[in-house]
Amino acid sequence: MEISLMEHILIHYRWIFVCLFLLPVSVIYDAVMYLRMKIVFALSSAPKQHDKRVQQIQKQVRDWNDQGRQNRMCTARPGWATMSFRRGLYKHTLHNIEINLIDILNVDTQREIVRVEPLVTMGQVTACLNPLGWTLPILPELDDLTVGGLIMGVGIETSSHLYGLFQHSCVSFELVTADGSVVKCSKDENPDLFYAVPWSHGTLGFLVAAEIKIVPAKKYVKMEYIPVGSVKELERRFLDEDTCKNNQFLEALVYSRSQSVFMVGNLTDEAEPDKINPIGNYWKPWFYKHVGGFLQTGPATEYIPLRHYYHRHTRSIFWMLEDIIPFGNNPLFRMLFGWMVPPKVSLLKLTQGETIKMMYEKYQLIQDMLVPMKELGRSLDFFDKELDLYPLWICPFKLFSQPGMVHPAGDQDEMYVDIGAYGTPRTKGFSTVPSTRRLEDFVAEVKGFQMLYADSYLSREQFRAMFDHSLYDKMRKQLDCEKAFPEVYEKVNRKART
Ligand SMILES: Cc1cc2nc3c(=O)[nH]c(=O)nc-3n(C[C@H](O)[C@H](O)[C@H](O)COP(=O)(O)OP(=O)(O)OC[C@H]3O[C@@H](n4cnc5c(N)ncnc54)[C@H](O)[C@@H]3O)c2cc1C
Ligand SMILES: *[C@@H]1O[C@H](CO)[C@@H](O)[C@H](O)[C@H]1NC(C)=O
């Protein structure tokens, strides 16, 4: 590819723009949103506003009906605002519905439920719930992930081996459907809809509220870091039922074929004072660097303040920030500017331009593949051969045998594992499309699933084979969605996104 001088500067000196401009803007944005959240929550003004805001959405949908259902609908949230590295092209062509629902509505400690609007973020949830002594059973790590996206797409965390995916911690959903009415669903009320909503990407209706379980929080997570020498050994540890049952958090980072760190953790209020490590402080090393250090120094135990634990991969966006700010983990940089990190993914997307996007597409891969745990060893071998990309993120989860798009192949709950690959593959001859295609075929073969925020090159037939559409199709008919919303495939396949 011909690269002009200007483009060279754009790519290699992007950090200047990011540091001088995006970091301060991100800090100000977060501070304003945090203050707003505190005030709204203190005044409990959100519940009063909520009904009015939902009526505004209903009105937009009814107007669309009155105008003869000319064009199908999607939310008006701009493509750059989401976490996925892509923007939906359909945002420009479909009829946009404004959804201004960004507040936590109610924390009900009696029923152990929090009721939230869909644009509430994970950072907002921990900031609100943890000081009250509560937390979510499954709290996906990056601050900017939204409840709506985690339900309509997917969400996972290191407690998922006990609680399942984010969808499994939800108790009820409220949606505005194609005819403009509000429908509530739970496992007892409209159960078909309840099970069809997760992974449906807004193609059955607009989510306007969700009730999510809450569990008591504790001050720390007691973590044990255990360096592991081979893929076989790592697989053995994850397959050990006692380890799985007894520890509240399970995770591994794979640094090479022969170097992984297996991590187990529990919530606790007591800590050995000399082992407390507030890893989230801005001057602290990035988490994956910190964890990698145990490969040299051997097993260790630490007590990590709860909120620091939850957002441990936030500051370095797993390991993706290093590509943008190469010296971001330098101690001097952390001391001086670490408090502004990370830049918001949305702002990075908004400002990246065509050249950078093309370079990323050519050299980078960002995928999360969900495979049965018994295939972990084989999958890591395949990833190694195909990508040679490290670190890999390993996060186990229980896949409940429930109706819907994603469930185990058999009729029993089954342990699965998320393998996250983010970065620049080093295999000779890596080429994004064919390599990703082979990865997708492998995942399909082991009865796994692709996370749909990532680039998917599956054909419509392959997509339907991977994701069970039987309940979804039934609900699409029942709720008259054909003229109202595109199908999931039409929103998530690579051609639908830029
Ligand atoms: C850098 C990066 C880091 C990530 N880290 C994690 C992680 O730590 N843990 C994890 O579990 N996942 C992670 N993911 C994946 C993430 O789970 C998905 O992107 C997920 O869908 C949430 O993203 P979002 O909040 O930006 O949702 P969006 O992309 O905004 O939404 C996802 C889909 O849901 C639909 N939707 C959202 N709200 C509504 C609504 N109110 N009504 C109707 N439809 C709606 C949207 O139209 C869209 O199709 C990561 C992804 C990236 C790119
Ligand atoms: C967590 O608690 C269980 C039992 O309660 C114990 O078996 C396990 O070793 C603990 N894990 C850690 C990291 O302390």
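By the naming in an unreviewed UniProt entry, the protein goes by Delta(24)-sterol reductase and is assigned to Aplysia californica. The record in UniProt for the protein states the following under Subcellular location (unreviewed entry): "Membrane".

Draft legend 1. How the structure looks around the overall build of the protein. On a plain count of helices and strands, the protein comes out with 21 helices and 17 strands. Over its C-alpha atoms the protein spans a radius of gyration of 22 Å, differing by no more than 12% from the 23 Å that the globule rule assigns to 498 residues. Taken along its principal axes, the extent of the C-alpha atoms in the protein is 65 × 60 × 50 Å. The long-range fraction of contacts in the protein, counting pairs at least 24 apart against all pairs at least 6 apart in sequence, stands at 75%. Accessible area for the protein stands at about 21,300 Å²; split by element, carbon and sulfur atoms hold 55% of it. The protein carries 57 positive and 58 negative side-chain charges, and their two centres are separated by 3 Å.

Draft legend 2. Broad picture of the nonpolar core. Counting 150 residues, the largest nonpolar core has Leu 136, Phe 166, Phe 173 and Ile 394 as its most contacted members. For Phe 166, the contacting residues outside a window of four places in its chain are Met 122, Leu 136, Ile 138, Pro 140, Val 147, Leu 150, Ile 151, Gly 155 and Ile 212.

Draft legend 3. Region of interest: the site of ligand 1. In the region of ligand 1, 29 residues are neighbours, and Arg 77, Met 83, Thr 146, Val 154 and Ile 156 sit closest. Arg 77 is positioned such that a nitrogen or oxygen atom in its side chain is 2.6 Å from an oxygen atom of ligand 1. Backbone polar atom of Val 154 to an oxygen atom of ligand 1: 2.7 Å apart, as the coordinates give it. Here ligand 1, which alone exposes 970 Å², has 93% of that area covered by the protein. The set of elements that each furnish at least two residues to the shell around ligand 1 consists of helix H6 (147–152) and strand E8 (206–213). The element that contributes the greatest number of residues to the shell around ligand 1 is H6, accounting for 4 residues.

Draft legend 4. Local environment of the packing of aromatic side chains. Across all of its chains, the model carries 25 aromatic pairs by this definition. One aromatic cluster is present, built from ring pairs that chain together Trp 199, Phe 397, Tyr 416, Phe 449, Phe 463, Phe 467 and Tyr 489. Directly above the aromatic system of Tyr 309 lies the positively charged group of Arg 312, at a separation of 4.2 Å from the ring centroid.

Draft legend 5. Structural detail: the pairing of strand E12 (residues 259–268). Counting buried residues in E12 gives 8 out of 10 residues, a clear majority hidden from the surface. Here 9 bridges tie strand E10 (residues 220–228) to E12, and the two strands are oriented antiparallel to one another. Looking at the pairing, Val 221 lines up with Leu 267 of E12. The turn linking strand E11 (residues 249–256) back onto E12 is made up of 2 residues.

Parameters at a glance
Position numbers for residues count from 1 along each chain, tracking the sequence in the order it is written. Chains and ligands are labelled sequentially in the order written, the chains with letters from A and the ligands with numbers from 1. Given that the model is predicted, a residue must reach a pLDDT of at least 70 before its local features are reported, and side-chain atom pairs must reach 80 or more before they are shown or counted; all residues, however, enter totals for whole chains, interfaces and linings. To get the side-chain values, take all heavy atoms of the structure and skip hydrogens and water. UniProt positions are given in the numbering used here, feature names are shortened, and annotations may be inferred rather than shown by experiment. Helix and strand assignments follow DSSP, with helices taken as H or I runs no shorter than four residues and strands as E runs no shorter than two, numbered in order from the N terminus. C-alpha atoms define the radius of gyration, and 2.2 Å times the number of residues to the power 0.38 defines the globule rule. Note on contacts: a residue pair is in contact if any heavy atoms of the two residues lie within 4.5 Å. Here the open area of atoms and residues is found with the Shrake-Rupley method and a 1.4 Å probe, where only the protein chains shown may cover a residue. In this tally Asp and Glu are treated as negative and Lys and Arg as positive; neither His nor the chain ends contributes. To locate a charge, the coordinates of NZ of Lys, CZ of Arg, CG of Asp or CD of Glu are taken. Side-chain atoms within 4.5 Å link the members of a nonpolar core, which is a set of buried Ala, Val, Leu, Ile, Met, Phe, Trp, Tyr and Cys residues. The cut-offs for exposure are 20% and 50% of the maximum accessible area for each residue type, with area from a 1.4 Å probe on protein chains only; residues under the lower value are buried, those over the upper are exposed, and the others partly exposed. Near residues are defined by distance, with any heavy atom within 4 Å of the molecule or strand qualifying the residue. N or O atoms within 3.5 Å of each other form a polar contact, as long as, within protein, one can give a hydrogen and the other can take it, and as long as residues adjacent in sequence are counted only when both atoms are side-chain atoms. Working definition: rings of Phe, Tyr and Trp (its six-membered ring) pair if their centres are within 6.5 Å, and the pair is stacked with planes under 30 degrees apart, edge-to-face with planes over 60 apart, and tilted otherwise. The rule is short: NZ of Lys or CZ of Arg within 6 Å of the ring centre and within 35 degrees of the ring normal puts a charge over the ring. At least two DSSP bridges between two strands are needed for those strands to be called paired.

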